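# What the coordinates show
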Amino acid sequence: MNYPKLFTLMSVLFFSIQIAFAQIQAGRAIKITISGVPDAEKAQINNDYPVSDNGIINMPYIGQIRAAGLRNEQLSDILQRSYRNAGIYTNPTIQVITTAVDGGVNQETVTLGGQIRKTGPIPFYKGITLWEAIQAAGGPTDFGTMRRVRLRREGQSKEYNLNNTQFREIQLLRNDSIEIPQKRPFEPS
């Protein structure tokens, strides 16, 4: 019997099982990818997401989701169901991969989605405003409007017209989520 090959095979099997049953941890990063949606929408979701110290991730369109303590496939199921139930995607397939490094996830973030040049989390710092966060992500795309920017905070959602300068100075809180909507036909920027 070839014991070195058997030992190698057993080791690979053991570590594969460990990874399959590993739970997502607070303060770590996870990589989320989506398929079964238009390519333009994939760019909105595919990203690395920090799991906050209280175990939460911020996802574009659906906001905060508890991730810590779940296995990758459990979070995938929850995300797929959440996007379907919200009527955002009809048949998404989501893959969650736990990354091996922190990637700066202990840093607090706000998440941007929708018609913005760079979707996903950006660093949060005390005093950052709604306008500054949008500009840090490259601003709206040519199809985005600043007239109906949605700010989600602690399960509540509110719209702001950022063409009105008074709303540009709204201070953000960590874990806020911002969405830039698509322009309506004939709507100015």
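Right above here is the structure, for reference.
Residues numbered from 1 in each chain as written. Predicted model: local features only at pLDDT ≥ 70, side-chain atom pairs only at ≥ 80, totals over all residues. Heavy atoms only, no water.

## Re the side chain of N58
On the secondary structure map, N58 appears in strand β3 (residues 56–59). Looking at N58, the relative accessible area reads 5%, which means it is buried. Of the polar contacts made by the side chain of N58, one reaches the backbone oxygen of N175; its length is 2.8 Å. Leave out the neighbours within four places in its chain, and N58 touches Y49, G63, Q64, T111, N175, D176 and S177. (Helix = DSSP H or I, 4+ residues; strand = E, 2+ residues; numbered from the N terminus. Buried < 20%, exposed > 50% of the residue type's maximum accessible area, 1.4 Å probe, protein only. Polar contact = N/O pair within 3.5 Å; in protein donor to acceptor, adjacent residues only side chain to side chain. Contact = heavy atoms within 4.5 Å.)

## Details of the environment of W131
Relative to the elements of secondary structure, W131 occurs in helix α4 (residues 130–136). Classification of W131 as partly exposed rests on a relative accessible area of 25%. Excluding anything up to four places from it in sequence, W131 contacts M146, L162 and R168.

## So, the sheet that holds strand β9 (residues 156–160)
Strand order in the open sheet formed by five strands is β7-β6-β10-β8-β9, and the pairing between neighbours is mixed. Bordering the open sheet on either side are β7 (120–123) and β9, each of which pairs with just one other strand. Strand-to-strand, the axes of this sheet are offset by a mean angle of 25°, without reference to chain direction. Across five bridges, the pairing between strand β8 (residues 149–153) and β9 is antiparallel. Bridge pairing links R150 to E159 in β9. (Pairing = 2+ DSSP bridges. Axes fitted to C-alpha atoms, helices over the stretch in contact; angles between N-to-C directions.)

## Digging into helix α3 (residues 72–85)
In this model α3 runs 20 Å from its N-terminal to its C-terminal C-alpha over 14 residues, within 8% of the 20 Å that 1.5 Å per residue would give. Those residues of α3 that sit buried are N72, L75, S76, L79, Q80 and Y83. Along the axis of α3, the buried residues cluster in a sector spanning 135°; they form a single face. Elements that come into contact with the buried residues of α3 comprise β1 (29–35), α2 (39–45), β3, β4 (63–66) and β5 (93–98). With its phi angle positive at about 75°, G87 sits one or two positions after the end of α3. (Expected span 1.5 Å × (residues − 1). Arc of directions from axis to C-beta.)

## Re the packing of aromatic side chains
Per the stated rule, a full pass over the model turns up three aromatic pairs. Taking the centre distance of 6.4 Å and the plane angle of 80° together, the rings of Y61 and Y89 count as edge-to-face. Separated by 28 residues along the polypeptide, Y61 in the loop between β3 and β4 and Y89 in the loop between α3 and β5 bring together distant segments of the chain. A relative accessible area of 14% means that Y61 is categorised as buried. With a relative accessible area of 6%, Y89 lands in the buried category. Seen in terms of ring centroids, Y160 and F167 are 5.4 Å apart; in terms of plane orientation they differ by 50°. Their pairing is tilted. Its relative accessible area of 12% is what places Y160 among the buried residues. In this structure F167 comes out as partly exposed when scored by relative accessible area, which is 25%. Aromatic rings pair up to connect Y61, Y83 and Y89 into one cluster. (Phe/Tyr/Trp six-rings, centres within 6.5 Å; stacked < 30°, edge-to-face > 60°.)

## Structural notes on the sheet that holds β5
Read from one edge of the open sheet, three strands run β2-β1-β5, paired in antiparallel fashion. The outermost strands of the open sheet, each flanked by one partner alone, are β2 (47–50) and β5. Going from strand to strand, the sheet's axes swing by 30° on average, the running direction of each strand aside. Of the strand pairs in this sheet, β1 and β2 are connected by four bridges, and their pairing is antiparallel. If you follow I30 over to β2, its bridge partner there is Y49. Each of β1 and β5 touches α3; the most contacted strand, β5, lies at about 145° to it.

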